[in-house]
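One letter stands for each residue in the lines below.
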Amino acid sequence: MCKRAVEIKEGNIISIVSEEDWPRNSKTGQVVDYGEAVIMPGLIDVHAHLDDPGRTEWEGFPSGTKAAAAGGITTLIDMPLNSDPSTISTETLKLKVDAAEKRIYVDVGFWGGLVPENAYNASALEALLNAGVLGLKSFMCPSGINDFPMTNASHIKEGLSVLARYKRPLLVHAEMEKGSERHVKLEDDTLDTRSYSTYLKTRPPSWEEAAIRELLTVAKDTRTDGPAEGAHLHIVHLSDASSSLDLLMEAKTNGDSITVETCPHYLAFSAEEIPDGDTRFKCAPPIRDAANKEKLWEALMDGHIDMLSSDHSPTVPELKLLDEGNFLKAWGGISSLQFVLPVTWSYGRKYGVTLEQLASWWSERPAKLAGQVSKGAIAIGNHADLVVWEPEAEFELDNDHPVHMKHPSISAYLGRRLSGKVLATISRGNLVYKEGNHAPAACGSPILAT
Ligand SMILES: NC(=O)NC(NC(N)=O)C(=O)[O-]
Ligand SMILES: [Zn+2]
Ligand SMILES: [Zn+2]
């Protein structure tokens, strides 16, 4: 690692000075010496559900973006569902943007929803894209949210043809229910609903494989000279590291414009260690066995998985049914927003993860997916979005640790010992977080595509 000074003016990086050039280049202005700490590009989380407006008791822009800032995230792209209403039209996008006004501590962009209602209505989709969503998101299985129904391959094909003109991506929750492959019958009242293995059997890897297989029939449209050239497909939260991953690798080889993310919880936990009734670990697709986790790490290290995201999807503790511990009825979603950097680092060290890889998975590639050309790297002219952190500093994520997410008790990471402490987070040159404290004003900017 080399020592550098990053010079910031009016929210942008204006020079990067090496140690030798320090004296000659000493500038006027405030100088902060972070000693041996690491300075990296701020993290960009392309998959978070902040549930604002409409379900702010689940999270909300203020608490969500404070948690992001405390975790070194300087840009967050909000998912179109779990807020009420879902972001599926210009009107509902406006509600989002209004809700974000002066209530966000980091920059926030918005994905729009591709749903059956707008999929065949090119002018509605164009209006939503013109209004500034960075791309679209859809589900190939029920989303759990009534005003966000699932799409099929033909809806997706229509969506891609519109997105092609805007050169923006479609993000897909790729699980497709295959009736005959549901290994348990949900109505069977002899099921042990507190056992994680019961839940695991309800969403087998073949669901991910089936969805991806179906998607690849339309993904080929994105190839050079294809009917949807310019559009891009992005698979969110991949859990299955076997056939699903093989299919994606083949698609990339064939020239499909396709990328894939996984999330820290699939890399940190394995099914074997999830205690009975501990629904904090319930998410979809599910956390699978330890062998699958090893394969996910391998694929990430080899570059077959392109990037990481939190998929922070909280709810109120009551809906996690922690007392009852019913895995089939509890809300699915992991709460992690504030911890993704230390988690990726702590669990990745034994695989030899480097700081450069962290910056690629968490900043550079997410910036590219979200079309943010001025973000994702420490480079002259870019936004001064930075995280300053100490990789070697360890901490206990116990009840005394300050957690800014609205409901710390539902996070599966509580009780873990992690390494990697965020000292400061700088967003567009503003010190938005420093050693436990946030900036007094919420000075993040909404990001709208133009
Ligand atoms: N409605 C949701 O937030 N769903 C989310 N739930 C998870 N991941 O368990 C998701 O991203 O699919
Ligand atoms: Zn999803
Ligand atoms: Zn999600």
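Definitions and cut-offs
- Starting from 1, residues in each chain are numbered consecutively following that chain's sequence as written.
- For this description, chains carry letters from A and ligands carry numbers from 1, given in the order in which they are written.
- Predicted model: local features are reported for residues with pLDDT of at least 70 only, side-chain atom pairs are reported and counted for 80 or more only, and whole-chain, interface and lining totals are derived from all residues.
- Side-chain descriptors were evaluated using all non-hydrogen atoms of the structure, hydrogens and water having been removed beforehand.
- Any residue with a heavy atom positioned within 4 Å of a molecule or strand is treated as near that molecule or strand.
- Residues adjacent in sequence count toward polar contacts only when both atoms are side-chain atoms; beyond that, a polar contact is any pair of N or O atoms within 3.5 Å, and within protein one must be able to donate a hydrogen and the other to accept it.
- Note on areas: Shrake-Rupley, 1.4 Å probe, and residue coverage restricted to the protein chains presented here.
- Following the grouping adopted for this structure description, the nonpolar residues are Ala, Val, Leu, Ile, Met, Phe, Trp, Tyr, Cys and Pro, the charged ones are Asp, Glu, Lys and Arg, and the polar ones are all others, Gly among them.
- A 2.8 Å cut-off from the metal defines N, O and S donors, relaxed to 3.2 Å for Na, K and Ca; water is not in the atom list, so some sites may appear incomplete.
- Metal sites are grouped by the angles between bound donors: all angles between 85 and 135 degrees with four donors is tetrahedral, opposite donors over 155 degrees apart with the others between 65 and 115 is square planar for four donors and octahedral for six, and any other pattern is irregular.
- To qualify as a helix, a DSSP run of H or I must reach at least 4 residues; to qualify as a strand, a run of E must reach at least 2; elements of each kind are numbered from the N terminus.
- Working definition: with a 1.4 Å probe on protein chains only, accessible area under 20% of the residue-type maximum means buried, over 50% means exposed, and in between means partly exposed.
- Whether two residues are in contact is decided by their heavy atoms: any pair within 4.5 Å suffices.
- Per the annotation, domain bounds derive from an automatic or database assignment of domains.
- What gets called buried area is simply the loss in accessible area from a 1.4 Å probe that two parts show on being joined, summed for both.
- One side-chain nitrogen of Lys or Arg within 4 Å of one carboxyl oxygen of Asp or Glu is enough to make a salt bridge.
- In this description, strands pair whenever DSSP reports at least two bridges between them.
- Here an axis means a line fitted to C-alpha atoms, over the contact stretch when the element is a helix, while the angle between two N-to-C directions is reported on a 0 to 180 degree scale.
- For this classification, under 35 degrees means roughly parallel, over 145 means roughly antiparallel, 65 to 115 means roughly perpendicular, and everything else is oblique.
- By convention the crossing between two helices is left-handed if the near helix lies anticlockwise of the far one by an angle smaller than a right angle, and right-handed if it lies clockwise.

## Some thoughts on the site of ligand 1
Then, number 1: Around ligand 1, the surrounding shell holds 15 residues, and the nearest of these are Asn-82, His-173, Ala-284, Asp-311 and Ser-313.
Then, number 2: Ala-284 has a polar backbone atom sitting 2.7 Å from an oxygen atom of ligand 1.
Then, number 3: A total of 320 Å² of accessible area belongs to ligand 1 in isolation, and the protein chains cover 97% of it.
Then, number 4: Across the shell around ligand 1, the residue classes break down as five nonpolar, nine polar and one charged.

## Points about the coordination of the zinc ion (ligand 2)
Then, number 1: For the zinc ion (ligand 2), the protein coordination sphere consists of His-173 (ND1) and His-237 (NE2), at 2.1 Å.
Then, number 2: One can describe the site at the zinc ion (ligand 2) as irregular: its four donor atoms subtend angles covering 56 to 146 degrees at the metal.
Then, number 3: Taken as a pair, the zinc ion (ligand 2) and the zinc ion (ligand 3) lie 3.8 Å from each other. Note that His-173 is positioned in strand β9 (residues 169-173) and His-237 in the loop between β10 (232-235) and α8 (243-253), a separation of 64 residues in sequence. Take His-173 and His-237: they sit in the same class, and that class is buried.

## So, the coordination of the zinc ion (ligand 3)
Then, number 1: Within the protein, His-47 (NE2), His-49 (NE2) and Asp-311 (OD) serve as the donor atoms for the zinc ion (ligand 3), at 2.0 to 2.1 Å.
Then, number 2: For the zinc ion (ligand 3), the four donor atoms in the first shell make angles of 85 to 131 degrees at the metal, a pattern classed as tetrahedral.

## Considering the environment of Arg-103
Then, number 1: Mapped onto the fold, Arg-103 is located in the loop between α2 (90-100) and β6 (107-110).
Then, number 2: For Arg-103, the contacting residues outside a window of four places in its chain are Asp-52, Phe-61, Pro-62, Thr-65 and Ala-442.
Then, number 3: A polar contact of 3.0 Å, which involves the side chain of Arg-103, links it to the side chain of Asp-52.

## Some thoughts on the domain arrangement of the protein chain
Then, number 1: Under the domain assignment, the protein chain is made up of domain 1 (1-31) and domain 2 (41-447).
Then, number 2: The gap between the C-alpha centroids of domain 1 and domain 2 is 34 Å.
Then, number 3: Between domain 1 and domain 2 lies a buried interface of about 830 Å² when both sides are counted; carbon and sulfur atoms form 72% of it.
Then, number 4: One can count zero salt bridges joining domain 1 with domain 2.

## Examining the sheet that holds strand β16 (residues 437-438)
Then, number 1: Read from one edge of the open sheet, five strands run β3-β13-β14-β15-β16, paired in antiparallel fashion. The open sheet is flanked by β3 (38-41) and β16, the only strands paired with a single partner.
Then, number 2: By the bridge criterion, four bridges tie β3 to strand β13 (residues 386-396) in an arrangement that is antiparallel. Paired with Met-40 across the strands is Val-387, a residue of β13.

## Section: the packing of helix α7 (residues 205-219) against α8
Then, number 1: Where α7 contacts α8, the two axes come as close as 8 Å, and the packing angle between them is 20 degrees. It follows that α7 is roughly parallel to α8 by the angle criterion. For α7 against α8, the interelement crossing comes out left-handed. Where α7 abuts α8, its residues Pro-205, Glu-208, Glu-209, Ile-212, Arg-213 and Leu-216 lie against Ser-243, Ser-244, Leu-247, Leu-248 and Ala-251.

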